[in-house]
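Each chain is listed here by its residues.
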Amino acid sequence: MQSGLKALGRAIIWLFSLGVILAIGVALTYGLAALRAANAQEGKTPAPVEVVTVSSQDSYRAIRRFPGRIDAAQVSDLSFQVGGEITQVFAEVGDEVAAGDALAQLDETRLKNRIGELKAARTEAEASLTRAQASLERIRALMDEGFSTDQDLDNITAERDGFRARIRQLSRSIANAEEDLADSTLTAPYGGVVVNRYLDAGATVAAGQSVLRLNETGILEALIGVPPLFARRVSVGDEFTLTSDGLTAEGVVTGVGDEVDRATQTVSIRLEITEDPGFIPGSLVRLTLDEERRETGFWVPALSITEGYRGLWSVYIIVTNDSGSDIVARKDVEILHVGNERLFVRGTLEDGDRVVTAATARFVPGQEVPPIETSPARADGTNIISSQ
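**Details of the sheet that holds strand β9 (residues 204-205)**
Next, step 1: Judged by pairing direction, the sheet is antiparallel, and its four strands sit side by side in the order β7-β6-β4-β9 without closing on themselves. The outermost strands of the open sheet, each flanked by one partner alone, are β7 (185-187) and β9.
Next, step 2: Sheet topology places strand β4 (residues 84-89) next to β9; two bridges connect them, and they run antiparallel. Directly across from Gly84, in β9, lies its bridge partner Val205.

Written as structure tokens, this is what we have:
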């Protein structure tokens, strides 16, 4: 009894579904017929549509762009090796300096006083050494006559050796103090441009505290973050095009990182800019890669795509029916890549299909329309991809 009821239920559902499908088919047929009848009654011909004839491509060219930063080959935060009070800063931001140029000066008074004290102490130690050496000679003479002991000789010898050690120590201290005096003048380690000034005259600085930032002139580098897959295909010596603020230059790879940045998930590559067109250190730069990708598909106008069924995309094409009339048909496609004004797609398209360049909701499959041929989609269409 229950199995009979189940069978009857399935039959009812099947009949209902069939009825819905037939009703939709009838509605579409009468709708198309009504559209054609309306056009005939009004004496109007269907509006023409532009079409483009497509052909399959085995590959396409893609331009990939990766962002990065322009840096000087050498960038240094300059600091004194000793602490003290700054008396003068000779360089301003934007100044070009040569290697060895004085950039800032510390107060030398304390250092010069220290050197004077050390030299005076060494002079005193040298005099004491002279006396100790004379005493040692006298002790030796008295020992030969039996008027002095070995203990006297040992004492004066130890005293002489102590003065010698004291003189060596003071000489090293004087050399270090003189180096500190030389370090009280901050000089440029290489030719460059001052790009930042951290302190002014009158400030007290500690050893190693930054005073100025210097960018080397003449050589610029670009630091670019690229996906790990791309980094594995890059080798030292490869050349790429770099663009920044409308300026273009070639860069030669000088190094490829071996670690993925956790924040950006990219690998850094460093390029030396062979001929600087006027790039500004610190500005944004993009590496441009022109590559060919092996994919079979079709270039179609971007406006030809319309949303299809089940999340797919579709294009309208014009076909000639058995009576010789040009009518609209729909074909499903999959978008592989997006270009500027074109899409690279694959699907049920065939060579020679006439694709409607601008899909609109007014099209109905089977609708009769006159086509107007336009220039074919370029076979060498370029797809531009920016990687952030």
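Read on, since the account is not over.
**So, the pattern of salt bridges**
Next, step 1: Applying the stated criterion across every chain yields a total of 13 salt bridges.
Next, step 2: The structure contains a network of salt bridges with shared partners spanning Glu92, Arg197 and Asp200.

**Section: the nonpolar core**
Soluble globular proteins tend to bury their nonpolar side chains together.
Next, step 1: Counting 22 residues, the largest nonpolar core has Ile224, Val226, Phe230, Phe240, Leu271, Ile273 and Leu287 as the members making the most contacts within it.
Next, step 2: Broken down by secondary-structure element, the contributors of at least two residues to this core are β2 (57-72), β11 (220-226), α4 (228-231), β12 (239-244), β13 (247-256), β14 (267-273) and β15 (284-301).
Next, step 3: Apart from the residues lying within four places of it in its own chain, the contact partners of Ile224 are Phe66, Pro67, Gly68, Val267, Ser268, Ile269, Leu271, Val285 and Leu287.
Next, step 4: Ile86, Leu103, Tyr190 and Leu214 belong to the second-largest nonpolar core, a separate cluster that totals 19 residues.

**With respect to the pairing of strand β1 (residues 49-53)**
Next, step 1: Sheet analysis places β1 next to strand β21 (residues 371-373), joined by three bridges and oriented parallel. What sits directly across from Val51, in β21, is Glu373.
Next, step 2: Here β1 runs beside strand β20 (residues 354-356); their pairing, made up of three bridges, is antiparallel. Opposite Val51, over in β20, you have Val356 as the bridge partner.

**Considerations on the pairing of β15**
Next, step 1: In this sheet, β15 lies alongside β2 in antiparallel orientation, the contact comprising 12 bridges. Across the sheet, residue Pro67 finds its bridge partner in β15, namely Arg286.
Next, step 2: Both β12 and β15 contribute to a ladder of three bridges, which runs antiparallel. Opposite Thr241, over in β15, you have Thr288 as the bridge partner.
Next, step 3: Bridge count between β15 and strand β19 (residues 342-347): four bridges; the pairing is antiparallel. When the sheet's bridge partners are listed, Pro301 is paired in β19 with Arg342.

Calculation rules
- Residues numbered from 1 in each chain as written.
- Predicted model: local features only at pLDDT ≥ 70, side-chain atom pairs only at ≥ 80, totals over all residues.
- Heavy atoms only, no water.
- Pairing = 2+ DSSP bridges.
- Helix = DSSP H or I, 4+ residues; strand = E, 2+ residues; numbered from the N terminus.
- Salt bridge = Lys/Arg side-chain N within 4 Å of Asp/Glu carboxyl O.
- Core = buried A, V, L, I, M, F, W, Y, C linked by side-chain atoms within 4.5 Å.
- Buried < 20%, exposed > 50% of the residue type's maximum accessible area, 1.4 Å probe, protein only.
- Contact = heavy atoms within 4.5 Å.

Just distances and angles here, no functional claims.
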